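These are the residues of each chain, in order.
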Amino acid sequence: MVSVQQTLHVLTMEFACGFVYVPPSVTHKDSQRSGANVIKRSALLPPVNRVRPRAPPPPPPTNPSEAKSSKSLPSPTKIIEQLEKSREVKKVVKSTCFYENAEFHNKSEVASPISITPQQTTPPRKTALLPPHMRPAANSQPLPSPNTNSQTFTYDLPKDEPDVNLQPWDPNYSYTTPEGTGVQVKLPADASSVPAQTSAPPLPPRPSFMRSIPDYLVLLPSRRSSPSSSQKSPSDPSLVPSPASKGSADKGPLPGNPNVLLVSLGKLLSEERVQTIQGEPISCSQCGSVLDSPYDNMVHTCYFCQPWQSTSPPSLQECPLTGYQDGLFLLCPNETPPGAAEALLLFCIDISGSMSITSQVSEGEHVVHRSRLQFVQEAVLQCVQRLSEQQPDLRVGLITFNYEVTVHGHDNFASRFLSGAELTDSDYLKEVAAAFPSPPPLSQTKDYLQRQLLGLSESGTTALGPAALLAIAMASRQPGSKVIICTDGKANTELGNLEEEDNSARTLLSSTIFYQELGEYAASQGVTVSVLAIEGTDCRLDELGRLADRTRGKVVIASPKMLHPEFEQIIENRTIATHCTVTLLLPQSLRMKGERQAGHKGTREVGNVDRDTEITFQFGACEQDAEVPAPASGSRVSIQLQVRYRQRNGPTVLRVITSERNVTDDSSAALSSLSLAIIQLNSSQASAALAVRGRFLDASREGELQRKLIERAIEHNRSVEDKQTYQDWVKTMEPIYNNIHNFTRRISVVSDSQSLTDAGAALLYAMKHSNRKSISLKNKHKV
């Protein structure tokens, strides 16, 4: 049974990446970018893991050619005398100074003696020796001005001077051994016995009060190979490239977001192997997660609300309520389901004057002219004939509109005609729809419906708005019903007018609100609305298509000759569930990413669901400045999916699935386990959703990031099949990447935003609600 549930999880809840990918840390990325031999740290920061040396540094090289300065150095005798004087000064604990050019300063002290009193409050000061390359020549004269650069550097002595021979007093202090012979310097017993040397003598031992190197200096090793670096063991994993890596680019952070979740709602809701649990589940009062607890109302700690700071997820002993693994909950056992009658199918046909425009059609050797209405009549008649044979219990209705709206009846009930002021009152139209009886099964109304279709004629304006409202109100009696609107022009009556865009901003705004609210009303009633526009016309599908977008219907532009296949495809796509809401719960260390998502919880109103419905979510690690840090690589996190929906002719249920995922920051591992089909589907849906809302630049940016991720995965995996699939997919995404301006109208007189053309709206609405099957079919048709 466990294996069956795991298989169902794979089919219904698929992750694009085999891991939860967390980008590498900033320091890790910096070390990878700059190279393994260079430590990129600020010069103002102390070095890492410093240790104070116990012995003085070795002397510099004695080779004259390697000396940094050609200037002569003071004699060793003089240096030794100065060191002895400094030691005597320290023993007497008397604040005094010593200088390299003692004769000059002795003369100055004789001329102007300075008496040092015991009441002196200034701290003791000493003078440090300058490096050899900064000392002046032996024959140079001292500068009279004290403000100019001198050969000595005066600084304050610390109160307690440590001894370098003792234990290191500063564990954070480090010392870098300079180049030299490595031999310790030994002072001669007699300074006069030191012979004169023409080359630079070795340096004496460093005094105890002098530090070997300032704290603010950091020596960066050279990028070139050095003897010290060449002696490192080749077995060091940081130096030996991984065989799984196909290049340094695979180690860096990924450009896009591989953390994508695909939910196949059609497969999820059609499963019958999951045991049903009666009643409401035990859930968290804060985030709503369904918890795996045997006790009612005993929720102490929720995994999804707890800001875990550890590098690994909590164990069962720390947090037993990690989420219900898999379950189907019958939320309202006593709920009375709606009637078991078949759903309605309503054709809403435009019969305005523009439907009389003809097109040439070849019938054998003859060429005839047929109007748009005749093409529609023929297509609907063929659908009625097929449905009467295959689904005789289906209830089919007909509504037509021009300057008036007609609700066609049947043998036992007369048709209803609405016109004038009746078409401007939304509440009145809903009352008429409620009073009009539902059509009988098609097996009883087939002949009458065919006669009604053949008797249609074209004339008048286009009262599309009132007709759509009336059709949706009638279909709302039975959840899962469908409304198909077929038109060839803009609505031009008062309610839902789309023709006066450039003349009245108030009219356009009211019409936009009208179709938005109408779409919400249809979705709340479980009605699916599809819009079929005739090719070569302007119907303002960017506004009218909101009905289909909200109810997950189709927006199609078809030539008059291809109306019948489009009708059939819409009819065959049956609704299996309504009022669907999908919620994704993440731990506090992860965040939702998307056009309208925020926090560790994301909810999406799906509405109607058919067998091919697929939706995607993006998520990722928290930002570096967030209160809860990102999960550590190697840990595990739990992700919970909740799907609440109403079954057709059934009760409301809740499906809960909790999955555990491993976390990694290895870009190579993420690329190797990446599913390009899921990434491509998510990119299409997310980019189209942004473009439909007018955010063209954001849509292009979103598509470009995922495109770079796919290209990097193809380069890493080197799959010929994936490369061909990617090339076909790029063609479908071309409008998003480069040609979005070809699918936008001119800027309106009353608005600064650009609206979509009919072709652009149909394309983007289709991409927004696409699935893997539809993308593959488009690619096959193009090939």
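In case you missed it, the structure is sitting above this.
On a predicted model such as this, the values are computed, not experimentally measured, just so you know.

Observations regarding the overall build of the protein chain
What the protein chain contains, in helices and strands, is 20 helices and 22 strands. Within the span of the protein chain, comprising 783 residues, buried residues form 43% of the whole. Counted over contacts in the protein chain with a minimum sequence separation of 6, partners at least 24 positions apart contribute 77%. Summing over all exposed atoms, the protein chain offers an accessible surface of approximately 41400 Å²; the carbon and sulfur share of this is 51%.

Overview of the packing of helix H7 (residues 372–390) against helix H13 (residues 563–572)
Across the interface, H7 lies against H13 with an axial gap of 8 Å and an inter-helix angle of 40°. Between H7 and H13, the angle falls in the class oblique. Of the two possible hands of crossing, H7 and H13 adopt the one that is right-handed. Between H7 and H13, the residues in contact are Phe375, Val376, Ala379, Val380, Gln382, Cys383, Arg386 and Leu387 and Leu563, His564, Phe567, Glu568 and Ile571, respectively. Of the residues contributing to the contact of H7 with H13, the split by class is nine nonpolar, two polar and two charged.

A look at the pattern of salt bridges
In this structure the tally under the stated criterion is 19 salt bridges. Among the ionic pairs, glutamate 14 bridges to arginine 772, the shortest N-O distance being 3.2 Å. Placement of the pair is glutamate 14 in strand E1 (residues 13–15) and arginine 772 in helix H20 (residues 772–782), with a sequence separation of 758 residues. For arginine 772, a relative accessible area of 23% corresponds to the partly exposed category. Here arginine 701 makes a salt bridge to aspartate 698, at a shortest N to O gap of 2.8 Å.

Observations regarding the packing of aromatic side chains
Considering all chains together, one arrives at six aromatic pairs under this definition. Measuring from ring centre to ring centre gives 6.4 Å for phenylalanine 15 and phenylalanine 619, while their planes differ by 90°; the resulting arrangement is edge-to-face. Placement of the pair is phenylalanine 15 in strand E1 and phenylalanine 619 in strand E20 (residues 614–621), with a sequence separation of 604 residues. This pair shows no difference in class: phenylalanine 15 is buried, exactly as phenylalanine 619 is. Judged by centre distance (6.2 Å) and plane angle (40°), the rings of tyrosine 726 and tryptophan 729 are tilted. On the criterion of helical spacing, the pair formed by tyrosine 726 and tryptophan 729 is a turn pair, its members being three residues apart in helix H17 (residues 720–732).

Thoughts on the sheet that holds E1
Pairing in this open sheet of four strands is antiparallel, and the strands run E1-E5-E20-E18 from one edge to the other. Edge positions in the open sheet fall to E1 and strand E18 (590–593), since each of these has one partner strand only. For this sheet, the mean inter-axis angle between neighbouring strands, taken without regard to orientation, is 30°. With four bridges connecting them, E18 and E20 associate as antiparallel partners. Looking across to E20, one finds that lysine 593 is bridged to glutamine 618. Packing against the sheet, helix H15 (residues 676–692) makes contact with E1, strand E5 (260–264) and E20, and its axis sits at approximately 95° to E20.

Let's talk about the sheet that holds strand E8 (residues 344–350)
Read across the sheet, seven strands follow the order E13-E12-E11-E8-E14-E15-E16 without closing on themselves; strand pairing throughout is mixed. Sheet topology places strand E13 (416–418) and strand E16 (555–558) at the edges, where each strand pairs with a single neighbour. Across the sheet, the axes of successive neighbouring strands diverge by a mean angle of 20°, strand direction being ignored. In the sheet, strand E15 (residues 528–534) pairs with E16 via four bridges, with the strands oriented parallel. Bridge pairing links isoleucine 534 to alanine 558 in E16. Across the sheet, H13 lies against E8, strand E14 (482–487), E15 and E16, angled at about 160° from E14, the strand it touches most.

So, how was this worked out
- Residues numbered from 1 in each chain as written.
- Predicted model: local features only at pLDDT ≥ 70, side-chain atom pairs only at ≥ 80, totals over all residues.
- Heavy atoms only, no water.
- Helix = DSSP H or I, 4+ residues; strand = E, 2+ residues; numbered from the N terminus.
- Buried < 20%, exposed > 50% of the residue type's maximum accessible area, 1.4 Å probe, protein only.
- Contact = heavy atoms within 4.5 Å.
- Areas by Shrake-Rupley, 256 points an atom, 1.4 Å probe, with all protein chains shown as cover.
- Axes fitted to C-alpha atoms, helices over the stretch in contact; angles between N-to-C directions.
- Parallel < 35°, antiparallel > 145°, perpendicular 65-115°, else oblique.
- Left-handed = near helix turned anticlockwise from the far one by under 90°.
- Nonpolar A, V, L, I, M, F, W, Y, C, P; charged D, E, K, R; others polar.
- Salt bridge = Lys/Arg side-chain N within 4 Å of Asp/Glu carboxyl O.
- Phe/Tyr/Trp six-rings, centres within 6.5 Å; stacked < 30°, edge-to-face > 60°.
- Pairing = 2+ DSSP bridges.

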